[in-house]
There are 2 protein chains.
Amino acid sequence: MSDQAFVTLATTDSYAKGAMVLGQSLRKHNTTRKLVVLVGPHVAEPCREVLGSIFDEVCSVDVMDSGDAVHLALMKRPDLGVTFTKLHCWTLTQYSKCVFMDADTLVLSNVDELFEREELSAAPDPGWPDCFNSGVFVFSPSKETHEKLLTFCGENGSFDGGDQGVLNSFFNTWATADISKHLPFIYNLSSIAIYSYLPAFKQYGHNAKVVHFLGKVKPWNHSYDIQKGEVRGHSQPPELCQLHPDYLLLWWQLYAKSVVPLLQRAYGETSLSSG
Amino acid sequence: MSDQAFVTLATTDSYAKGAMVLGQSLRKHNTTRKLVVLVGPHVAEPCREVLGSIFDEVCSVDVMDSGDAVHLALMKRPDLGVTFTKLHCWTLTQYSKCVFMDADTLVLSNVDELFEREELSAAPDPGWPDCFNSGVFVFSPSKETHEKLLTFCGENGSFDGGDQGVLNSFFNTWATADISKHLPFIYNLSSIAIYSYLPAFKQYGHNAKVVHFLGKVKPWNHSYDIQKGEVRGHSQPPELCQLHPDYLLLWWQLYAKSVVPLLQRAYGETSLSSG
Ligand SMILES: O=c1ccn([C@@H]2O[C@H](COP(=O)(O)OP(=O)(O)O)[C@@H](O)[C@H]2O)c(=O)[nH]1
Ligand SMILES: O=c1ccn([C@@H]2O[C@H](COP(=O)(O)OP(=O)(O)O)[C@@H](O)[C@H]2O)c(=O)[nH]1
Ligand SMILES: [Mn+2]
Ligand SMILES: [Mn+2]
């Protein structure tokens, strides 16, 4: 299955840490697919090095250097920088099919079965469930689709200012056309949904396969006490911090065990608290 | 279309007011279907009278008086009183197809096209979007289904303590089997979704056909200044009161215009603030 890949994106060193944990979670659960990370120009060299030891491919993406269509779209919508970088995943035409995963997601079991789905498959967004959440989606790389997306983006912008708005407007039959393109919600369980309908989480949550730390506060904004094995700074009530403590702990355990040693080697030294 | 009906439920005088507004909103938008309300034993006589002038049928439902299956199920799950009353809608076998609507919903346009759908069609719940919200659903009355539901209920209870848990466990292929059974979210727009993903509401909200005042605070818990045409007690921030002010005003306008005169006639007098 060397023509299929999981793809993620990091434009900063913080998101790069997320990508590292995601990559290690995919490895831990023995994925048989390739791992690809798109990195923006501001990611530091040692971070790229670590990403390179986890991922099969590290693709530098500098949208400024890209072809005409990107340029044109970017000129019209300078606000959509990261969005354009994410859309770059469609140019990975060395792969026939890919699964994009946000750098703030974490895999809890093997999810290779996602490759049985077709473009564009994604799970519903709990905020407006006729939209899909663009944190996890199945797609088919294609230069043609990429160009169409950029043109669309330049002409229509994004109703939410990010890639989710663009992708939902572009793949606008997702809600009504084909149930097989609805990934079960357990493939993109956003922490926000846990508290909005707790009985459902208790009923179905134990089947979760992918956790998505959606929202302003990310796991790497917390810190971790390696001696005690406890996440610090998780004293806020659920209204303020909607990250589920069990999943947050899982993220940090994987970070401490499988990422920190690599960062230490790359940087010569590092502290456990990040940000 | 006299063999098809909209059905709602009220077990208290407060919910009865909701049912009245819902009924009037369906009439206002010229539904060609019958209107049926199930009323519990505690609804006051004048309220029944008003319901009788809006709805084609007012069905008294006293689950205590019902047949063996209900009794048996109720003995095992005394907590599910209102749920059993709601499930009673399946006994309306004088109709071939029905649309159930919670008494806290409001129709913004004609929605008769819902009868093109089959059992069990419903819109996703924003809290856990692989569950449907049971505030609006299409069903086919059937004594057999009713008995099965009761047995299921008695044996398994409800994971959320209400009808939504039971119905989702019973119709458990909704999320994965048939996209035509996914009603667009605009047929059951819960106020809660407005604030959780505001850009989507701005993009798609103007198409809303049914508003659902889901949650603890209902329109009738507010009060209305008929002189000023303003809803009072809506000074809470959106974290505390998630009812959208425009929809709340719409509810009260319809209540003041089309329900209050009927209540005045039935009671001899009434005040505009309810509760
Ligand atoms: O400054 C940024 C913001 C976002 N991203 C990438 O874009 C994804 C989507 O952003 P985010 O996860 O923060 O959005 P949310 O899921 O919270 O809506 C991230 O997971 C990263 O992969 C990035 O690399 N740099
Ligand atoms: O005491 C009650 C509670 C509920 N209901 C009916 O059951 C529906 C579901 O309850 P509710 O709307 O309060 O639940 P929510 O939609 O807020 O979860 C209501 O709309 C009413 O039709 C009722 O008649 N009496
Ligand atoms: Mn994300
Ligand atoms: Mn309701």
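Everything in this summary refers to the structure shown in the same document. (Residues numbered from 1 in each chain as written. Chains lettered and ligands numbered in written order. Predicted model: local features only at pLDDT ≥ 70, side-chain atom pairs only at ≥ 80, totals over all residues. Heavy atoms only, no water.)

## A closer look at the coordination of the manganese ion (ligand 3)
All names here are of chain A.
- Coordination of the manganese ion (ligand 3) by the protein comes from Asp 102 (OD), Asp 104 (OD), Asp 104 (OD) and His 212 (NE2), over a distance range of 2.2 to 2.3 Å.
- Coordination at the manganese ion (ligand 3) is irregular, judged from the 6 donor atoms that bind it and the angles of 56 to 173° they form at the metal.
- The sequence pattern formed by the donor residues of the manganese ion (ligand 3) is D-x1-D-x107-H. One end of the pair, Asp 102, is in the loop between β4 (97–101) and β5 (105–107); the other, His 212, is in strand β9 (residues 210–212), with 110 residues separating them in the sequence. The two residues Asp 102 and His 212 agree in class, both being buried. (Donors = N, O, S within 2.8 Å, 3.2 Å for Na, K, Ca; no water. Tetrahedral: all angles 85-135°; square planar, octahedral: opposite > 155°, others 65-115°. Helix = DSSP H or I, 4+ residues; strand = E, 2+ residues; numbered from the N terminus. Buried < 20%, exposed > 50% of the residue type's maximum accessible area, 1.4 Å probe, protein only.)

## Examining the coordination of the manganese ion (ligand 4)
All names here are of chain B.
- In this structure, Asp 102 (OD), Asp 104 (OD), Asp 104 (OD) and His 212 (NE2) serve as the protein donors to the manganese ion (ligand 4), at separations of 2.2 to 2.3 Å.
- Taken together, the 6 donor atoms coordinating the manganese ion (ligand 4) span angles of 56 to 173° at the metal, a pattern that classifies the geometry as irregular.
- Classification of Asp 102 as buried rests on a relative accessible area of 17%.
- For Asp 104, a relative accessible area of 3% translates into the label buried.

## Topic: the site of ligand 2
Residue and element names in this part refer to chain B.
- In the vicinity of ligand 2, the contacting residues are Leu 9, Ala 10, Thr 11, Tyr 15, Val 82, Asp 102, Ala 103, Asp 104, His 212, Leu 214, Gly 215 and Lys 218.
- Between ligand 2 and the protein, one listed contact pairs an oxygen atom with a side-chain N or O atom of Asp 104 at 2.9 Å.
- Within the side chain of His 212, one N or O atom sits 3.0 Å away from an oxygen atom of ligand 2.
- Protein chains bury 76% of the 520 Å² of accessible surface belonging to ligand 2 in isolation.
- Grouping the constituent residues of the shell around ligand 2 by class yields 6 nonpolar, 3 polar and 3 charged. (Near = heavy atom within 4 Å. Polar contact = N/O pair within 3.5 Å; in protein donor to acceptor, adjacent residues only side chain to side chain. Areas by Shrake-Rupley, 256 points an atom, 1.4 Å probe, with all protein chains shown as cover. Nonpolar A, V, L, I, M, F, W, Y, C, P; charged D, E, K, R; others polar.)

## Points about the packing of aromatic side chains
All names here are of chain A.
- One pass over the structure, following the stated rule, counts 42 aromatic pairs over all chains.
- Between Phe 6 and Phe 115 the ring centres are 5.0 Å apart and the planes differ by 80°, which places this aromatic pair in the edge-to-face class. Here the residue Phe 6 occupies a position in strand β1 (residues 4–10), and Phe 115 occupies one in the loop between β5 and β6 (121–124), the gap between them amounting to 109 residues.
- Judged by its relative accessible area of 2%, Phe 6 is buried.
- Centroid distance Phe 152 to Phe 170: 5.6 Å. Interplanar angle 80°. Geometry classified as edge-to-face. Highlighted residues: Phe 152 in helix α5 (residues 143–156) and Phe 170 in helix α6 (residues 163–170), separated in sequence by 18 residues.
- Phe 170 gets classed as partly exposed once you look at its relative accessible area, which sits at 23%.
- Three or more aromatic residues joined by ring pairs make a cluster, and in this case those are Trp 90, Phe 100, Phe 137, Phe 139, Phe 152, Phe 170 and Phe 171. (Phe/Tyr/Trp six-rings, centres within 6.5 Å; stacked < 30°, edge-to-face > 60°.)

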